[in-house]
Amino acid sequence: MTTAVRVRGGGTWLPFARRRAVRFLTSLWVLVTAAFLMIHLIPGDPVRESLGLSAPPEVVAARRAALGLEDPLPVQYWHYLTGLFRGELGTSLISGTPVADLIGDRLPATAQLAVLAFLVVVVVAVPVGVLMAVLTKGGRRRGAELAFTSTSVVLAAIPEFLLAVGLVGLFAVQLGAFPVAGNDAAGSWVLPVLALAIGPAAVLGRIVRVELLAVLGNDFVRTARAKRLPARLVYLRHALPNAVTATLTLGGMLLGALVAGTVLVENVFAWPGLGSTIVGSIQQKDYPAVQGIVLVYGAGVLLVNLVVDVVLALLDPRSTIREA
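Everything numeric here is computed off the predicted structure, so don't read it as measured data.

Q: What exactly am I supposed to notice about the overall build of the protein here?
A: A count of helical and extended segments in the protein gives 15 helices and 0 strands. Relative to its full complement of 324 residues, the protein shows a buried share of 38%. Looking at the protein alone, contacts between residues at least 24 apart form 72% of all its contacts between residues at least 6 apart. In the form shown here, the protein has an accessible surface area of approximately 17100 Å², with 68% of it arising from carbon and sulfur atoms.

See below:
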């Protein structure tokens, strides 16, 4: 208790915040630089690739000049950075529309899909993990433990796009219970969300069980039982909150993985989000669009990690001392 007060009110938070800010900004700069260099490191002329081999040379030259690709590389980098500060992500080589507008149109569908899948993961994995920890504590019910562990390992090992294809084949094509593609109807959300959530839910459920089993062996849990508190209070009020650190850490990583997993799942279900857009842009050699979407995905993952670090520091102030 004394440690928590000292951390919250003292001088540990400032170094912690400074370290996190430096790490976030450095990672963000690396991401921005890598996205900028993408268009220059790919072999060939991206403008020629996007316009086609039959495009007249003067048209290609005019498009390159309009995009600033004829300027020296440091000048291009400076223009790219200043454009980002103004919210400008370039112009699509295919449609001629600003990439920021393209992302603004497609980002909500991807964000909604990832957040809904994450909520399903938490709602399913935490109760299942707690239940399995209670049922198998002390080495009891070895059969149930083996079945749960084996099933979770298998489900976690299956890639999202294979799950998506299997779900489409079974529930959409054979049974006709859900739409095959699109997001127009309410039922069209079920299969994409399941494809994204099944694997992470299996992983998180295992972690919750392991962490809760470790906590249940601590002295404060035995003390709570000695006071003859109801089992519900022992598990939910005393044990589960002390197992939340590893669960929250993994949950933040899973959220970032869910965002990345939308790329393939969206293409299976023809979902009108950033995932299907980036694949189409890669196929059409629309590199400014690819740059912008990569930035959004990368910045989203970095932001999630930053938020998780801050929340963990609030829940467990001792973590800031360990880092110091």
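Q: Help me understand the UniProt feature "transmembrane region" (unreviewed entry) in the protein in this model?
A: In this numbering, the UniProt entry assigns the feature "transmembrane region" (unreviewed entry) to residues 21–42, 113–134, 146–173, 193–218, 239–265 and 294–315. Note that residues 21–42 is 95% helix and 0% strand, and that its end C-alpha atoms are spaced 32 Å apart. Split by type, residues 146–173 is 93% helix and 0% strand. Its first and last C-alpha atoms lie 33 Å apart.

Q: Explain the side chain of T110 here, please?
A: Checked against the element boundaries, T110 lands in helix α6 (residues 99–136). Reaching out from T110, the side chain makes a polar contact with the side chain of E266 at a distance of 2.6 Å. With sequence-adjacent residues up to four places away left out, T110 is seen in contact with T262, E266, W271, G273, L274, G275 and Y297.

Q: Explain helix α2 (residues 13–41) to me, please; I cannot follow it from the model alone.
A: Residues spaced three or four apart along an α-helix point in a common direction, a consequence of the helix completing one turn every 3.6 residues. Between its terminal C-alpha atoms α2 stretches 41 Å, which fits the 42 Å expected from 29 residues at 1.5 Å a residue. Where α2 is concerned, the buried positions are W13, F16, R20, F24, L31, V32, T33, A35, F36, M38 and I39.

Q: Could you clarify how one ought to interpret the nonpolar core in this entry?
A: General note: in soluble globular proteins, nonpolar side chains tend to be found buried as a group. Core analysis: the biggest nonpolar cluster contains 27 residues, and A117, A195, L196, L204 and F269 have the highest contact counts within it. At the level of secondary structure, the elements contributing two or more residues to this core comprise α6, α8 (160–174), α9 (190–216) and α12 (244–268). The element contributing the most residues to this core is α9, with 9 residues. With residues near it in sequence (within four places) discarded, L196 still touches L113, A117, E160, L258, G261, T262 and V265. Listed in part, the 21 residues of the second largest apolar core include A35, Y77, I103 and L295.

Q: Looking at this structure, how should I read the packing of α6 against helix α7 (residues 142–157)?
A: To describe two helices that pack against each other, one gives the angle between their axes and the distance between the axes. Running from N to C, α6 and α7 cross one another at 150°; their axes reach a closest spacing of 9 Å. With respect to α7, the axis of α6 lies roughly antiparallel. Considering only the axes of α6 and α7, their crossing is left-handed. Where α6 abuts α7, its residues V128, M132 and T136 lie against A144, E145 and F148.

Q: Could you clarify how one ought to interpret the packing of aromatic side chains in this entry?
A: Each aromatic ring pair is characterised by the separation of its centres together with the angle its planes make. Summed over the entire model, instances satisfying the criterion amount to 4 aromatic pairs. Where F36 meets Y80, the ring centres are 5.5 Å apart and the plane angle is 40°; that geometry is what we call tilted. One end of the pair, F36, is in helix α2; the other, Y80, is in helix α5 (residues 73–85), and 44 residues separate them in sequence. Both residues of the pair, F36 and Y80, belong to the buried class. Considering the side-chain rings of F171 and F178, the 6.4 Å spacing of their centres and the 65° angle between planes classify their relative orientation as edge-to-face.

Q: Just checking my understanding: could you explain the confidence of the model for the protein for this structure?
A: Low pLDDT marks regions whose predicted coordinates should not be analysed in detail. The share of residues in the protein with pLDDT of 70 or more is 81%, and the mean pLDDT across the chain is 79. Note that pLDDT drops below 50 for residues 1–10; the model gives that stretch 14 contacts with residues more than four away or on any other chain.

Q: Would you mind going over the pattern of salt bridges with me for this structure?
A: Opposite charge on two side chains makes pairing possible when the charged atoms of those side chains draw close. All told, the structure shown has 3 salt bridges when counted by the stated rule. A salt bridge links E88 to R86, with the shortest nitrogen-to-oxygen separation between them at 3.1 Å. Residue classification places E88 among the partly exposed positions, given a relative accessible area of 44%. Overall, the relative accessible area of 56% leaves R86 in the exposed class. With a closest N to O distance of 3.1 Å, R142 and E145 form a salt bridge. One end of the pair is R142 and the other is E145, both in helix α7 and 3 residues apart, which spans about a single turn.

Q: Could you clarify how one ought to interpret the environment of V301 in this entry?
A: Summarising the element assignment, V301 is placed in helix α14 (residues 287–315). Between the C-alpha atom of V301 and that of G256, which follows or precedes it by 45 residues, the distance is 4.9 Å.

Basis of the calculations
- Residues numbered from 1 in each chain as written.
- Predicted model: local features only at pLDDT ≥ 70, side-chain atom pairs only at ≥ 80, totals over all residues.
- Heavy atoms only, no water.
- Helix = DSSP H or I, 4+ residues; strand = E, 2+ residues; numbered from the N terminus.
- Buried < 20%, exposed > 50% of the residue type's maximum accessible area, 1.4 Å probe, protein only.
- Contact = heavy atoms within 4.5 Å.
- Areas by Shrake-Rupley, 256 points an atom, 1.4 Å probe, with all protein chains shown as cover.
- UniProt positions renumbered as here; feature names shortened; annotations may be inferred.
- Polar contact = N/O pair within 3.5 Å; in protein donor to acceptor, adjacent residues only side chain to side chain.
- Expected span 1.5 Å × (residues − 1).
- Core = buried A, V, L, I, M, F, W, Y, C linked by side-chain atoms within 4.5 Å.
- Axes fitted to C-alpha atoms, helices over the stretch in contact; angles between N-to-C directions.
- Parallel < 35°, antiparallel > 145°, perpendicular 65-115°, else oblique.
- Left-handed = near helix turned anticlockwise from the far one by under 90°.
- Phe/Tyr/Trp six-rings, centres within 6.5 Å; stacked < 30°, edge-to-face > 60°.
- pLDDT = per-residue confidence, 0-100.
- Salt bridge = Lys/Arg side-chain N within 4 Å of Asp/Glu carboxyl O.

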